[in-house]
Amino acid sequence: MSIDIVNPALNDYLLDHATPADDVLRELAEETHRVLPRNAGMQVSHDEGTFLTLLVKMTGTLHAVEVGTFTGYSSICIARGLAPGGRLLACDVSEEWTGTARRYWERAGVADRIDLRIAPAAETLRALPREEYLDFAFIDADKTGYPVYYEELLSRLRPGGVIVLDNVLRGGRVVDPAARDEADVVIRGLNDAIAADERVESVLLPLRDGVTVVRKR
Ligand SMILES: C[S@@+](CC[C@H](N)C(=O)[O-])C[C@H]1O[C@@H](n2cnc3c(N)ncnc32)[C@H](O)[C@@H]1O
């Protein structure tokens, strides 16, 4: 999800100091904002997308999973970082939104590396092999599902593999005890659990709406 940095000049500065988006990503962002103005804020920002590409490259990822694909911005960023022969499993429940993703995967030249599963992500993840084979995962879907996604993915992550979780600051509500929305409560609890989780090393970064990077020991 992309949230606006309070200072617009700083926002532009951040976006200007990531490797630039190409025409495909620029046009995907433009189409998503034009056709789905009420949902477009769910799309990752370009700096966050670039961060995903870099992490996928740094981990030499062959097996990646994304939970929450929407119109495809983050999936293109992940797919572009894969090692030769690598594959991305993209999980979502919306045929409509991922229809846009499929068009842009073709245009980006990554369609042949992505498998899309339309089903509740918990079902898709539980059906994956029970082996430590995943190199990289990105969680950016329904917030109340995050604890299940985290456990299912972590148990299948190889040692040294990485999970990235988006929107872990919940617009700052994680530090507001009055914020009792179910998603806020779940994410607050998961943030605490991950910080204390001895199976992993982790850091919560103030990138956009907060991104936690987890590395399995
Ligand atoms: C924040 S958007 C993902 C944005 C995407 N990462 C991007 O950069 O464009 C969340 C997505 O999660 C999907 N979603 C919601 N509940 C889900 C579930 N239970 N299983 C799988 N996907 C789900 C929604 O359909 C939506 O496309």
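Residues numbered from 1 in each chain as written. Predicted model: local features only at pLDDT ≥ 70, side-chain atom pairs only at ≥ 80, totals over all residues. Heavy atoms only, no water.

(A) Examining the nonpolar core more closely. Residues Ile76, Ile78, Trp105, Phe136 and Val164 are the most contacted members of the largest nonpolar core, which totals 31 residues. When residues in this core are grouped by element, the largest group, 5 residues, is from helix H4 (residues 73-81). (Core = buried A, V, L, I, M, F, W, Y, C linked by side-chain atoms within 4.5 Å. Buried < 20%, exposed > 50% of the residue type's maximum accessible area, 1.4 Å probe, protein only. Helix = DSSP H or I, 4+ residues; strand = E, 2+ residues; numbered from the N terminus.)

(B) Molecular detail of unusual backbone geometry. The phi dihedral of asparagine 167 is positive, around 65 degrees, even though this residue is not glycine. Inspection of the secondary structure puts asparagine 167 in the loop between strand S5 (157-166) and helix H8 (182-195). The class of asparagine 167 is buried, set by a relative accessible area of 1%. Look at arginine 170: it is not a glycine, yet its phi comes out positive at around 50 degrees. By the secondary structure assignment, arginine 170 is in the loop between S5 and H8.

(C) Molecular detail of the site of the ligand. Not every one of the 20 residues close to the ligand is listed here, only the nearest: Gly68, Ser74, Asp92, Ala121 and Asp140. The separation between a nitrogen atom of the ligand and a polar main-chain atom of glycine 68 is 3.0 Å. Contact distances for the ligand include 2.6 Å between an oxygen atom and a side-chain N or O atom of aspartate 92. The protein chains hide 89% of the 610 Å² of surface that the ligand would expose on its own. Across the shell around the ligand, the residue classes tally to 12 nonpolar, 5 polar and 3 charged. (Near = heavy atom within 4 Å. Polar contact = N/O pair within 3.5 Å; in protein donor to acceptor, adjacent residues only side chain to side chain. Areas by Shrake-Rupley, 256 points an atom, 1.4 Å probe, with all protein chains shown as cover. Nonpolar A, V, L, I, M, F, W, Y, C, P; charged D, E, K, R; others polar.)

(D) Geometry of the side chain of aspartate 135. One can find aspartate 135 in strand S4 (residues 134-139). On the basis of relative accessible area, aspartate 135 is assigned to the buried category, the value being 7%. A polar atom in the side chain of aspartate 135 sits 2.9 Å from the backbone nitrogen of leucine 62. In terms of polar contacts, aspartate 135 uses its side chain to reach the backbone amide nitrogen of histidine 63, at 2.8 Å. Sequence-distant contacts of aspartate 135, defined by excluding residues within four places in its chain, comprise Thr61, Leu62, His63, Leu157, Arg158, Gly161 and Val162. (Contact = heavy atoms within 4.5 Å.)

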